Amino acid sequence: MKKLFLLLLIFLSLQGYSQSKDSDLQKIQSILNKQEKAWNRADLEGFMDGYWESEDLLFIGKSGVTNGWQATLDNYKRSYPDAKAMGKLHFTILKTEKLSDNVALVIGKWHLSRESKDLEGHFSLTWKKINGKWVIIADHSS
């Protein structure tokens, strides 16, 4: 009887972990959907809501490493000065994995449909739950 009770306890705790994991990954997916919609409205500040608003934010792109939320936003504004340059963004998620209770990894593809020339590449995003909110703490986009 004790073994049965212990097995039931383990099963219930694993099920709770799985539901928590799924819930967190769904929250992250929801944030990515909001970012995509903000970009497609030419709302860079709204797009940046998914990022950690900190000088410790790390963005790695074709021009190298950028440190900080404001510097990352400034780079986006320089690279995409208007709605035409921004085009329409679409994310394709290739993999999501919760690495711990408060850290997750998302790997995917991005595609910008534009009048002049489409752009596309891949990204890896490191997410962290800070003060109860999931945010991107490191973005490596190419």
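Please read all numbers here as calculations on a predicted model, not as lab measurements.

What counts and how
Residues numbered from 1 in each chain as written. Predicted model: local features only at pLDDT ≥ 70, side-chain atom pairs only at ≥ 80, totals over all residues. Heavy atoms only, no water. Helix = DSSP H or I, 4+ residues; strand = E, 2+ residues; numbered from the N terminus. Contact = heavy atoms within 4.5 Å. Salt bridge = Lys/Arg side-chain N within 4 Å of Asp/Glu carboxyl O. Buried < 20%, exposed > 50% of the residue type's maximum accessible area, 1.4 Å probe, protein only. Phe/Tyr/Trp six-rings, centres within 6.5 Å; stacked < 30°, edge-to-face > 60°.

Trainee: Can you help me understand the overall build of the protein chain in this one?
Mentor: Secondary structure summary: the protein chain contains four helices and six strands in total. The N-to-C order of helical and strand elements in the protein chain reads α-α-β-β-α-α-β-β-β-β. Considering only intrachain contacts with a sequence separation of at least 6, the fraction spanning at least 24 residues in the protein chain is 49%.

Trainee: Mind showing me how you'd approach the pattern of salt bridges here?
Mentor: In a structure, side chains of opposite charge can pair up when their charged atoms sit close to one another. Tallied over the entire structure, the rule returns six salt bridges. Here lysine 98 and aspartate 24 are joined by a salt bridge, their closest N and O atoms 2.4 Å apart. In this pair, lysine 98 is assigned in strand S3 (residues 88-100) and aspartate 24 in helix H1 (residues 2-40), connecting sequence segments 74 residues apart. On the basis of relative accessible area, lysine 98 is assigned to the buried category, the value being 7%.

Trainee: Help me understand the packing of aromatic side chains in this model?
Mentor: What describes a pair of aromatic rings is the distance from one ring centre to the other and the angle between the planes of the rings. Counting across every chain of the model gives eight aromatic pairs. Summarising the aromatic geometry, the rings of tryptophan 39 and tyrosine 76 are spaced 5.7 Å apart at their centres and angled 75° between planes, so their arrangement reads as edge-to-face. Placement of tryptophan 39 in helix H1 and of tyrosine 76 in helix H3 (residues 69-79) is noted, with a sequence separation of 37 residues between them. Judged by relative accessible area, which is 3%, tryptophan 39 ranks as buried. Aromatic pair phenylalanine 47 and tyrosine 76: ring centres 5.4 Å apart, planes at 85°, arrangement edge-to-face.

Everything listed here is a matter of coordinates, which is why it stays silent on function.
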